[in-house]
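Descriptive structure summary
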Amino acid sequence: MEARKVDHIERRLKKVSFFVIADHLATILEGNDRKDQTLIDEGIQAIRLEMEKR
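Since this is a predicted model, take the numbers as computed values, not measurements.

Attention now moves to the overall build of the protein. From N to C terminus, the protein includes two helices and zero strands. Relative to the globule expectation of 10 Å for 54 residues, the C-alpha radius of gyration of the protein, 15 Å, shows a markedly less compact shape. Along the longest, intermediate and shortest principal axes, the C-alpha atoms of the protein span 50 × 15 × 5 Å. By residue count, 20% of the 54 residues in the protein fall in the buried class. When the accessible surface of the protein is summed, it comes to about 4800 Å², and 58% of that surface belongs to carbon and sulfur atoms.

The next subject is the side chain of Ser-17. Tracing the backbone through its elements, the reader meets Ser-17 in helix H1 (residues 2–34). Discounting residues that sit within four places of it in the chain, Ser-17 has contacts with Glu-50 and Arg-54.

Moving on, we get to the pattern of salt bridges. Tallying each qualifying case throughout the model produces two salt bridges. Here Glu-30 and Arg-34 are joined by a salt bridge, their closest N and O atoms 2.7 Å apart. Pair noted here: Glu-30 and Arg-34 are both in helix H1, with a separation of four residues, about one helical turn. According to the relative accessible area criterion, Glu-30 is partly exposed, its value standing at 33%.

About the cut-offs
- Residue positions are counted from 1 within each chain, in the order its sequence is given.
- The predicted nature of this model means local features are confined to residues of pLDDT at least 70 and side-chain atom pairs, given and counted, to a pLDDT of 80 or more, with totals for whole chains, interfaces and linings taken over all residues.
- Excluded from the side-chain calculation are hydrogens and water; included are all heavy atoms of the structure.
- Per the convention used, a helix needs a DSSP run of H or I reaching at least four residues, while a strand needs a run of E reaching at least two, with both numbered from the N terminus.
- Radius of gyration here uses only the C-alpha atoms, and the compact-globule reference equals 2.2 Å multiplied by the residue count raised to the power 0.38.
- Partly exposed residues are those whose accessible area sits between 20% and 50% of the maximum for their type, while under 20% is buried and over 50% is exposed, using a 1.4 Å probe and protein chains only.
- Each accessible area is a Shrake-Rupley result for a 1.4 Å probe, and residues are judged covered by the shown protein chains and nothing else.
- By definition in these notes, contact holds between two residues if any of their heavy atoms fall within 4.5 Å.
- One speaks of a salt bridge when a side-chain nitrogen belonging to Lys or Arg is within 4 Å of a carboxyl oxygen belonging to Asp or Glu.

Functional significance is not addressed by these values, which are geometric in nature.
Okay, here's the thing in structure tokens:
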């Protein structure tokens, strides 16, 4: 029972992480559309930080 709870929590965290990364990708694309290197760099840095958590 306890292992199921941990597995369930881990799956939920992966889903949240996916949406966080998708949001950062949207930031990168917005920066690309606006030709704003700052937005692009912020999005890339945020994804790097998110991936380090894994």
